Amino acid sequence: MLAGRMQVGIVTLFPEMFTAVTSFGITGRACRDGIVEVACWSPRDYAKDRHGTVDDKPFSGGAGMLMKTGPLCDAIAAAKAWNDKTPSVIYLSPQGRRLDHTGVTLLAQRRNLVLVCGRYQGIDERVLKTEIDEEWSIGDYVLSGGELAAMVMLDAIIRYQPGALGHEDSAGLDSFADSNTGLSLLDCPRYTRPREFAGLTVPEVLIGGNHELVRRWQLKQRLGQTWLKRPDLLAQQSLDQHEQVLLNEFISEYGTLPT
Ligand SMILES: C[S@@+](CC[C@H](N)C(=O)[O-])C[C@H]1O[C@@H](n2cnc3c(N)ncnc32)[C@H](O)[C@@H]1O
């Protein structure tokens, strides 16, 4: 069980962007309820000149700027000092470890984080070496800044804080997480009213009220959806006999894969 609230300090030139996480939906509620405390530090507030300069020329010359080291390091120091305990300082970067479900559950265990959002061409290599503990990426593509990446990370880890999700939203049955089987599978198909929509009906088993049959159907669908959409993920799972039977059933009902 995780003890105490999580504190996340963000170093960003655009603090306002984070209201998307701190003010809306599940993450907004978690912030309001004190499950997670999020605060931003802008290097601009630590700029030494009257123009508030936060970028600087690279020694190599050529196109592009880097984040100015002084204001960036001062903002990181302030975000670290604000944390009650020594935080892990994370730089969001396309060169970092790629974020996935395992990474999210790992980061969600931490109580103290500082997320550093780069802009321009990024940060000086010596700042990386001296100030940053870990680099994390949200995928193999380049964004204009680390803010969206930090928000993706923040949203994903807040979902795993105790009390952040209502019972109906339990993260334990989402894709990649199955607290019942311990398998990493995709979610099963879900249906809401009406019973018939666009000429298609809700599977009978979901209407029958037999919870055991519903659970069986859901597991079979999770296995089947993963087989259909993410065979790479399915190959990493070791299925027990019951799960293998359910998957075989799904495959024979489905027929062969569409070409
Ligand atoms: C234009 S990018 C700089 C990219 C850098 N020159 C490189 O190629 O590695 C500006 C900032 O966006 C953030 N960023 C860009 N892509 C990202 C990704 N895939 N994951 C996490 N952060 C990313 C980083 O903080 C980075 O400093």
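Keep in mind that this is a model prediction, so the values were computed, not measured.

Draft legend 1. Representation of the site of the ligand. Around the ligand, 19 residues are found, and the nearest of them are Leu92, Gly118, Gly122, Gly146 and Ala149. With 4 residues, strand E5 (residues 88-98) is the largest single contributor of residues to the shell around the ligand. Its residues assigned to classes, the shell around the ligand shows 8 nonpolar, 10 polar and 1 charged.

Draft legend 2. Unusual backbone geometry, seen in detail. Cis geometry is adopted by the peptide bond preceding Pro194, which originates at Arg193 and carries an omega value of 5°. Relative to the helices and strands, Pro194 resides in the loop between helix H6 (147-158) and strand E8 (196-197). One non-glycine residue, Phe176, lies in the positive phi region at around 80°. Relative to the helices and strands, Phe176 resides in the loop between H6 and E8. A positive phi angle, close to 55°, is found at Ala198, a residue other than glycine. Within the element layout of this structure, Ala198 appears in the loop between E8 and strand E9 (200-201).

Draft legend 3. Quick peek at the nonpolar core. Counting 44 residues, the largest nonpolar core has Leu115, Val116 and Met153 as the members making the most contacts within it. Elements that contribute at least two residues to this core include exactly strand E1 (6-11), helix H2 (25-32), strand E2 (36-41), strand E4 (66-67), helix H3 (69-82), E5, strand E6 (112-117) and H6. The element best represented in this core is H6, accounting for 8 residues. Core analysis: the next-biggest nonpolar cluster, separate from the first, contains 6 residues, Leu183, Leu185, Leu186 and Leu223 among them.

Draft legend 4. Summary view of the domain arrangement of the chain. Examined at the domain level, the chain breaks down into domain 1 (6-158) and domain 2 (172-254). Placing the centre of domain 1 and that of domain 2 at their C-alpha centroids yields a distance of 37 Å.

Draft legend 5. Main features of the pairing of E6. Most of E6 is tucked away, with 5 of its 6 residues classed as buried. Of the pairings in the sheet, the one linking E1 to E6 comprises 5 bridges and is parallel in character. Its bridge partner being in E6, Gln7 is matched across the sheet by Asn112. Looking at chain direction, E5 and E6 are connected through 5 bridges and run parallel. Directly across from Ile90, in E6, lies its bridge partner Leu115. Viewed along the sheet, the connection from E5 through helix H4 (residues 101-108) into E6 turns out right-handed.

Cut-offs and rules
Residues numbered from 1 in each chain as written. Predicted model: local features only at pLDDT ≥ 70, side-chain atom pairs only at ≥ 80, totals over all residues. Near = placed C-beta within 6 Å. Helix = DSSP H or I, 4+ residues; strand = E, 2+ residues; numbered from the N terminus. Nonpolar A, V, L, I, M, F, W, Y, C, P; charged D, E, K, R; others polar. Core = buried A, V, L, I, M, F, W, Y, C linked by C-beta atoms within 7 Å. Buried ≥ 20, exposed ≤ 12 C-beta atoms within 10 Å, placed from the backbone. Domains from an automatic or database assignment. Pairing = 2+ DSSP bridges. Right-handed = clockwise from strand over helix to strand, strands pointing away.

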